Amino acid sequence: YRTWGFLPKWRVGIYILGVVLQIPFIYFFGRAFLKKKVKTDYDDEAIPVARKHEYYNELLTSRDAYKEIRTSGCFSFLADKWKRVLRDKQKYDRKMDNKNRLLNLTIAIINSMGYAAILFVLYLALLHGHINVAIFAAVFQSVDELFRQMNNLVDDRFSSLMSMNSEISKYVQLYREEPRR
């Protein structure tokens with residue numbers, strides 16, 4: 001009857017499995033919340049610029065304003081404003097893309113560290129004789145499948161809910177603000 005410290009052998013496997021199974025949940029839900037924060041920050045900064053871009057685009061391309069803009073001679077002025085706003089909008093889009101790429105790189109590194117931690121804990125348990133090679137392979141394969149399933153769940157369902165949550169939270173925040181006088 002072998003023990004690992006003060007725990008019997010069968011309990012060590014359960015505790016290891018309990019710790020190992022927490023890692024994917026923490027990882028994937030943390031990732032979803034971070035992506036929500038990046039999208040919310042982007043919306044705060046970029047939506048006013050996007051509205052200006054739509055406004056100038058509508059002015060320059062609509063039938064209603066075409067005649068007045070051409071006859072008054074302010075087409076080049078509005079086109080310059082449109083180009084400036086377009087550059088600002090592209091700047092925010094690049095900033096968002098860079099943040100997303102950095103977040104995805106960080107997430108990939110954390111994911112690799114999680115796999116390495118799981119592998120290390122299982123290796124130590126195997127090395128000390130608390131589990132055999134078959135259990136090692138089965139647990140590692142199960143964890144890999146758990147990571148894949150959680151990835152599908154979070155990417156397909158939870159991410160869309162989190163992005164909708166950022167829009168809803170902005171709407172609620174708007175109504176909670178004191179009216180301006």
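Throughout, a residue's number is its position along its own chain's written sequence, starting from 1. Only residues with pLDDT of at least 70 get local features here, since the model is predicted, and only at 80 or more are side-chain atom pairs given and counted; chain-wide, interface and lining totals rely on the full set of residues. Water and hydrogen atoms were dropped before computing side-chain values, which therefore reflect all heavy atoms in the structure.

Focus: the overall build of the protein
Phase 1 of the analysis: Going along the chain from the N terminus, every DSSP run of H or I of four or more residues is numbered as a helix, and every run of E of two or more is numbered as a strand. Helix and strand content of the protein: four helices and two strands.
Phase 2 of the analysis: Ordered by position from N to C terminus, the α and β elements of the protein give β-β-α-α-α-α.
Phase 3 of the analysis: Burial status follows relative accessibility: with a 1.4 Å probe on protein chains alone, a residue under 20% of its type maximum counts as buried, one over 50% as exposed, and anything between as partly exposed. A total of 181 residues make up the protein; the buried ones form 25% of that total.
Phase 4 of the analysis: Only heavy atoms matter for contacts: two residues are in contact if any of them lie within 4.5 Å across the pair. Here the contacts in the protein between residues at least 6 apart in sequence split such that 74% fall between residues at least 24 apart.

Brief notes about helix α3 (residues 75-127)
Phase 1 of the analysis: For a helix, the expected span equals 1.5 Å multiplied by the number of residues minus one. Between the first and last C-alpha of α3 there are 76 Å, a value that for 53 residues agrees with the 78 Å anticipated at 1.5 Å per step.
Phase 2 of the analysis: Of the residues one or two after α3, G129 is the one with positive phi, at around 85°.

So, a nonpolar patch on the surface
Phase 1 of the analysis: Each patch is built from salt-bridge-free residues with over 30% relative accessible area, joining like charges within 9 Å and nonpolar side chains (Val, Leu, Ile, Met, Phe, Trp, Tyr) within 5 Å. Working definition of accessibility: Shrake-Rupley area with a 1.4 Å probe, residue cover restricted to the visible protein chains. Any carboxyl oxygen of Asp or Glu that lies within 4 Å of a side-chain nitrogen of Lys or Arg is treated as forming a salt bridge with it. Together, L102, L105, I109 and M113 make up an exposed nonpolar region whose accessible area comes to about 420 Å².
Phase 2 of the analysis: Within the element layout of this structure, L102 appears in helix α3.
Phase 3 of the analysis: We classify L102 as exposed; its relative accessible area is 54%.

Regarding the packing of aromatic side chains
Phase 1 of the analysis: Note on aromatic pairs: the rings of Phe, Tyr and Trp (six-membered ring only in Trp) are paired at centre separations within 6.5 Å, and the planes decide the class, stacked below 30 degrees, edge-to-face beyond 60, tilted for the rest. As enumerated under the stated definition, the model contains two aromatic pairs in all.
Phase 2 of the analysis: Aromatic pair F136 and F140: ring centres 6.4 Å apart, planes at 5°, arrangement stacked. Here the residue F136 and the residue F140 both occupy positions in helix α4 (residues 133-176), the gap between them amounting to four residues, near one helical turn.

Observations regarding the environment of I47
Phase 1 of the analysis: Relative to the assigned elements, I47 resides in helix α1 (residues 9-61).
Phase 2 of the analysis: Sequence-wise, I47 and Y92 are 45 residues apart; in three dimensions their C-alpha atoms are separated by 9.6 Å.

Section: the pattern of salt bridges
Phase 1 of the analysis: Counting across every chain of the model gives six salt bridges.
Phase 2 of the analysis: Because the salt bridges share partners, they merge into one network encompassing D144, E145 and R148.

A word on the side chain of H53
Phase 1 of the analysis: Mapped onto the elements, H53 comes out in helix α1.
Phase 2 of the analysis: A residue is classified by how much of its surface remains accessible, and H53, at 13% relative accessible area, is buried.
Phase 3 of the analysis: There is a polar contact of 3.3 Å between the side chain of H53 and the side chain of W82.
Phase 4 of the analysis: Not counting residues up to four positions away in its chain, the partners in contact with H53 are W82, V85, L86 and K89. The term polar contact refers here to a pair of N or O atoms within 3.5 Å; inside protein, the definition further demands a hydrogen-donor-capable atom paired with an acceptor-capable atom, and it admits residues adjacent in sequence only when both atoms are side-chain atoms.

Points about the nonpolar core
If you look at soluble globular proteins, the nonpolar side chains tend to sit buried side by side.
Phase 1 of the analysis: Note on terminology: a nonpolar core comprises buried Ala, Val, Leu, Ile, Met, Phe, Trp, Tyr and Cys residues joined through side-chain atoms within 4.5 Å. Counting residues in hydrophobic clusters, the biggest one holds 15 residues, and the most contacted among them are Y27, F28, I118, L122, I131, V143 and F147.
Phase 2 of the analysis: Taken together, the elements giving at least two residues each to this core come down to α1, α3 and α4.

Observations concerning helix α2 (residues 63-72)
Phase 1 of the analysis: One side-chain oxygen at the N-terminal end of α2 lies 3.4 Å from the backbone nitrogen of A65; it belongs to S62.
Phase 2 of the analysis: One or two steps after α2, the chain reaches G73, where phi turns positive at roughly 80°.

Side note on the side chain of S62
Phase 1 of the analysis: Its location among the elements puts S62 in the loop between α1 and α2.
Phase 2 of the analysis: On the accessibility criterion, S62 (13% relative accessible area) is buried.
Phase 3 of the analysis: There is a polar contact of 3.4 Å between the side chain of S62 and the backbone nitrogen of A65.

A short note on the confidence of the model for the protein
Phase 1 of the analysis: Overall, the predicted model of the protein reaches an average pLDDT of 77, with 75% of residues at or above 70.
Phase 2 of the analysis: pLDDT is defined as a per-residue confidence score from the predictor, taking values between 0 and 100. Between the elements of the protein, mean pLDDT differs from a low of 50, seen in strand β1 (residues 3-4), to a high of 85, seen in α3.

Some details on the environment of K81
Phase 1 of the analysis: Inspection of the secondary structure assignment puts K81 in helix α3.
Phase 2 of the analysis: Under the relative-accessibility criterion, K81 is labelled partly exposed at 26%.
Phase 3 of the analysis: Note: C-alpha distance between K81 and Y56 (25 residues apart in sequence) is 7.6 Å.

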